[in-house]
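Spelled out from the first residue to the last, the chains are:
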Amino acid sequence: MSTESRIRCPKLSKRIMSARDAASLIPSGVNVGMSGFTGAGYPKAVPQALAEHIRDHRARGENFRISVWTGASTAPELDGALAEVDGIEMRLPYQSDPTCRQKINEGKMEYMDIHLSHVAQHAWSGFFGKLDIAVIEVVGITEDGRLIPSSSIGNNKTWIDQADKVILEVNHGQSAGLEGMHDVYYGTALPPRRKPIPITKPDERFGEKYLMCPPEKVIAVVETNSPDRNSRFSDPDENSRRIAGHLLDFFSSEVEKKRLPANLLPLQSGVGNIANAVMAGLNEGPFNNLTAYTEVLQDGMLEMLKSGKLAKASATAFSLSPEANQELADNIDFYRDRIVLRTQEISNHPEVIRRLGIIAMNGMIEADIYGNVNSTHVMGTRIMNGIGGSGDFARNGFLSVFMTPSTAKGGSISTIVPMVSHVDHTEHDVQIVVTEQGLADLRGLPPRQRALNIIEKCAHPDFRPRLRDYFERACNSGRGMHTPHQLEEALSWHHRYEETGQM
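Residues numbered from 1 in each chain as written. Predicted model: local features only at pLDDT ≥ 70, side-chain atom pairs only at ≥ 80, totals over all residues. Heavy atoms only, no water.

Visitor: I'd like a rundown of the overall build of the protein chain, residues and numbers included.
Guide: A tally of regular secondary structure across the protein chain gives 19 helices and 26 strands. In summary, the protein chain has a C-alpha radius of gyration of 23 Å against a globular reference of 23 Å for 503 residues, a match within 12%. Taking all 503 residues of the protein chain together, the buried fraction comes to 58%. Contacts in the protein chain between residues at least 24 apart in sequence constitute 74% of all its contacts with a sequence separation of at least 6. With an accessible surface of roughly 19400 Å², the protein chain has 48% of that area assigned to carbon and sulfur atoms. Distance between charge centroids for the protein chain: 3 Å, based on 54 positive and 62 negative side chains. (Helix = DSSP H or I, 4+ residues; strand = E, 2+ residues; numbered from the N terminus. Rg over C-alpha atoms; globule rule 2.2 N^0.38 Å. Buried < 20%, exposed > 50% of the residue type's maximum accessible area, 1.4 Å probe, protein only. Contact = heavy atoms within 4.5 Å. Areas by Shrake-Rupley, 256 points an atom, 1.4 Å probe, with all protein chains shown as cover. Lys, Arg positive; Asp, Glu negative; His and termini not counted. Charge placed at Lys NZ, Arg CZ, Asp CG, Glu CD.)

In structure tokens form, the structure reads like this:
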């Protein structure tokens, strides 16, 4: 596509420059809001040029660091490039980059792990400080300066509104057919001026198709031609297929009991191979005319839209393999009629999630016998990625499902433990726990019955006897019987792994 058709605003076409020149406009010490959500729609050229700029400063013995705010995780061209040159002072609200993770866990990078629905509100309230610059990828710019969003929206509206200056990357590698897929709501406000969010069904539109930005804010426009970098998903393994099978059986039972409608309720699913396996199972299952109200639309949901099993889907971003991304581009008109991309403060809004009755399905690192879930920290202290939107959906959804294989590290770790080493989702927000071993429905159960269900249905047989023994001894300890624990042993499994490599 020609430059003229992508950058149609004469005023902004005069601000086209190289990524290196644009990066030089970002000084050390500033807060920078960048687009990007689960590896989609992130700026690709300016962060890499900025990393080189930082490297040059380092060579002269000069310190140069910025704080980076995004929608969620990005990709090596952004998080990886800036982390490798030690260019990030503080990162929020979610990341999945291995170099970032290492820096955070070494104490060399500050990190704020935040519910994704809270980020815009906190930014508007000033809790993070002043946002100096926004770097936003877009598909194009209209004649009157409106911005055509890219493959994610995330916090882009908030970053553009809040930042003093804006740098735009116009990516020719993103399909121009994305125009019209987005729904950007400009009616949010801080208390006491809030109004109800007018969504009563997943595909309802009530906002704008474009992002608005005063042209005088834009200090640079950089043209790129690069696809989002997302990895291929693995084919579902046996454990993933068994987890999916347990969930489908559960949904069928709930429909039979009239607790779910025949087409279920709107689906939310986290990212990953297990989530894709669940989508594959639903695509082959008995449920029709399904809908989704979620954060991320990945390969499995795209397949469901293509087959007709999924009628409509709402999200804030894609997270697609290269093959699925090509499928989207080749059939963009078909998908534009069935997909709505929103800002993450709406895709993750507690009011909407509660109203629509979302079925929330998310992964976890571990769960304890009472249903508390750790989804962020390895052995209690080392961050993996972050809480993302799982808390938004788990607390407010009609059903809250957490799933994982029952063991990790080749069987040396049990993902069902006496007490989780870090709590992200308390027992009050966890209704269903699923492993390849089975599904524990915890609704309506007091703590000791929850423990028995989780141990017997979800724990791996290699660890089940030890969990039974722990629970029985806790019940016979003479201590509190509401939630029995052996406090001196509660985290001994984690300590044993740290010492020996085996739980």
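Visitor: Please give an account of unusual backbone geometry that cites residues and values.
Guide: Here Leu 92 and Pro 93 are connected by a cis peptide whose omega angle stands at -5 degrees. Residue placement: Pro 93 occurs in the loop between β3 (88-92) and α6 (98-105). Between Pro 191 and Pro 192 the backbone carries a cis peptide bond, its omega angle lying at 5 degrees. You can see Pro 192 is positioned in the loop between β8 (182-183) and β9 (218-224). Even without a glycine there, the phi angle at Lys 258 is positive, about 70 degrees. With a phi angle near 55 degrees, Asn 289 is a residue other than glycine that sits in the positive phi range. Counting through the fold element by element, Asn 289 comes out in the loop between α10 (273-284) and β11 (290-293).

Visitor: Talk me through the pattern of salt bridges; I want residue IDs and the actual numbers.
Guide: Inspection of the entire model under this criterion finds 28 salt bridges. Residues Arg 60 and Glu 62 are paired through a salt bridge, measuring 3.5 Å at the closest nitrogen-oxygen approach. What makes Glu 62 partly exposed here is its relative accessible area of 33%. Across the pair Asp 144 and Arg 146 runs a salt bridge whose closest N-O atoms are separated by 3.1 Å. Classification of Asp 144 as exposed rests on a relative accessible area of 52%. Overall, Arg 146 belongs to the partly exposed group, its relative accessible area being 28%. Counted as one network, the salt bridges with shared partners bring together Glu 254, Arg 259, Asp 441 and Arg 443. (Salt bridge = Lys/Arg side-chain N within 4 Å of Asp/Glu carboxyl O.)

Visitor: Just give me the short version of the packing of helix α17 (residues 447-458) against helix α18 (residues 464-475), but keep the residues and values in it.
Guide: Where α17 meets α18, the closest approach of the two axes is 9 Å, and the angle between their N-to-C directions is 165 degrees. Put simply, α17 runs roughly antiparallel to α18. When the axes of α17 and α18 are compared, the crossing they make is left-handed. Residue-level inspection shows Arg 448, Ala 451, Leu 452, Ile 455 and Glu 456 of α17 in contact with α18, the latter providing Arg 464, Leu 467, Arg 468, Phe 471 and Cys 475. For the contact of α17 with α18, the class distribution of residues is 6 nonpolar, no polar and 4 charged. (Axes fitted to C-alpha atoms, helices over the stretch in contact; angles between N-to-C directions. Parallel < 35°, antiparallel > 145°, perpendicular 65-115°, else oblique. Left-handed = near helix turned anticlockwise from the far one by under 90°. Nonpolar A, V, L, I, M, F, W, Y, C, P; charged D, E, K, R; others polar.)

Visitor: How would you explain the sheet that holds strand β24 (residues 416-417) if you had to name every residue and give the values?
Guide: Whether parallel or antiparallel, the strands of a sheet pair through hydrogen bonds between backbone atoms. Pairing within the open sheet is mixed, and its 3 strands lie in the order β18-β17-β24. Whereas interior strands pair on both sides, the edge strands pair on one side only; in this sheet they are β18 (373-374) and β24. Summarising the sheet, strand β17 (residues 366-368) and β24 pair through 2 bridges and their orientation is parallel. Looking at β24, one finds that Ala 367 is bridged to Ile 416. (Pairing = 2+ DSSP bridges.)

Visitor: Before we move on, could you go through the nonpolar core and cite the residues and values that matter?
Guide: Ranked by internal contacts, the top residues of the largest apolar core, which has 74 residues, are Ile 141, Phe 251, Leu 282 and Met 361. Here this core gets 6 residues from one element, more than from any other, and that element is helix α9 (residues 238-256). Once you skip the residues sitting within four places of it in the chain, Met 361 turns out to touch Leu 247, Phe 251, Leu 267, Gln 268, Ser 269, Gly 270, Val 278, Met 279, Val 401 and Met 403. The next biggest cluster of nonpolar side chains, apart from the first, holds 40 residues, and it includes Val 30, Val 32, Ala 75 and Tyr 111. (Core = buried A, V, L, I, M, F, W, Y, C linked by side-chain atoms within 4.5 Å.)

Visitor: Just give me the short version of the side chain of His 485, but keep the residues and values in it.
Guide: Among the structural elements, His 485 can be located in the loop between α18 and α19 (492-500). Judged by its relative accessible area of 13%, His 485 falls in the buried class. In terms of polar contacts, His 485 uses its side chain to reach the side chain of Tyr 470, at 2.6 Å. Beyond its immediate chain neighbours, meaning those up to four positions away, His 485 contacts Tyr 370, Pro 418, Met 419, Tyr 470, Ala 474, Arg 479 and Ala 490. (Polar contact = N/O pair within 3.5 Å; in protein donor to acceptor, adjacent residues only side chain to side chain.)

Visitor: Now, about the environment of Gly 207: what can you tell me, with residues and values included?
Guide: Looking at the secondary structure, you find Gly 207 in the loop between β8 and β9. Residues in contact with Gly 207, not counting those within four places in the same chain, are Asp 183, Val 184 and Tyr 185.

Visitor: Could you give an account of α6, naming the residues involved and the relevant values?
Guide: Inspection of α6 places Thr 99, Cys 100, Arg 101, Lys 103 and Ile 104 among the buried residues, and these make up the whole buried set. Buried positions along α6 lie against α5 (76-84), β3, β4 (110-111) and β20 (382-383). Of the residues that open α6, the one with a side-chain oxygen 3.0 Å from the backbone nitrogen of Thr 99 is Asp 97. Gly 107 sits one or two residues past α6 and shows a positive phi near 80 degrees.

Visitor: Please set out the environment of Ala 81 residue by residue, giving values where relevant.
Guide: Looking at where Ala 81 falls in the secondary structure, it is placed in helix α5. Sequence spacing of Ala 81 and Ala 51 is 30 residues, and the spatial spacing of their C-alpha atoms is 6.0 Å. In this structure Ala 81 touches Gln 48, Ala 51 and Pro 76, once residues within four positions along its chain are discounted.

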